[in-house]
Amino acid sequence: MKLRTRVMIILVVTVLLVMGGSGLFFFQKFKAAHRRSLFQTIDAIAMNNAESLSHYLNRQYLLAKHVGEMLPLESLELSDSLWAENYFASHLSDFNDEYFFLDNNGIFKFDYPA
């Protein structure tokens, strides 16, 4: 084997090793950056969902509190579901959920919508 061939083989192997090493190094860097970006995106989505859920639950709590404060105690004691239906129809026309009214002992009184 001539000297020229040996030098050429050494150069090719050296270039391949350097290119392969740098390729693996940059692949690891890219993988770490991609993973970090993905985790940040997932964390932002989770925080957004948690905040939306918190606002929704807070609105529902305030609505239930409002209904509890505005509903006369006599209608609950007499189980006057007709009055409650009229009240809810006039004040909560866009309300799509359902209410169940219980007394202090947990006994069912009435529900809306009936």
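See above for the structure.
Just so it is clear, the structure is predicted and the values come from calculations on it, not from any experiment. (Residues numbered from 1 in each chain as written. Predicted model: local features only at pLDDT ≥ 70, side-chain atom pairs only at ≥ 80, totals over all residues. Heavy atoms only, no water.)

1. Re the packing of aromatic side chains
Okay, step 1: This structure, assessed with the given rule, holds one aromatic pair.
Okay, step 2: Seen in terms of ring centroids, Phe25 and Phe26 are 5.3 Å apart; in terms of plane orientation they differ by 70 degrees. Their pairing is edge-to-face.
Okay, step 3: By relative accessible area, Phe26 is classed as exposed at 57%. (Phe/Tyr/Trp six-rings, centres within 6.5 Å; stacked < 30°, edge-to-face > 60°. Buried < 20%, exposed > 50% of the residue type's maximum accessible area, 1.4 Å probe, protein only.)

2. Here's the deal with a nonpolar patch on the surface
Okay, step 1: The grouping of Leu3, Val7, Met8, Leu11, Val12 and Leu16 at the surface amounts to a nonpolar patch, some 600 Å² of accessible area in total.
Okay, step 2: Here Leu3 lies in helix 1 (residues 3-70).
Okay, step 3: Given a relative accessible area of 63%, Leu3 falls into the exposed group. (Patch = residues over 30% accessible without salt bridge, like charges linked within 9 Å, V, L, I, M, F, W, Y side chains within 5 Å. Areas by Shrake-Rupley, 256 points an atom, 1.4 Å probe, with all protein chains shown as cover. Salt bridge = Lys/Arg side-chain N within 4 Å of Asp/Glu carboxyl O. Helix = DSSP H or I, 4+ residues; strand = E, 2+ residues; numbered from the N terminus.)

Worth remembering: the numbers are spatial, not functional.
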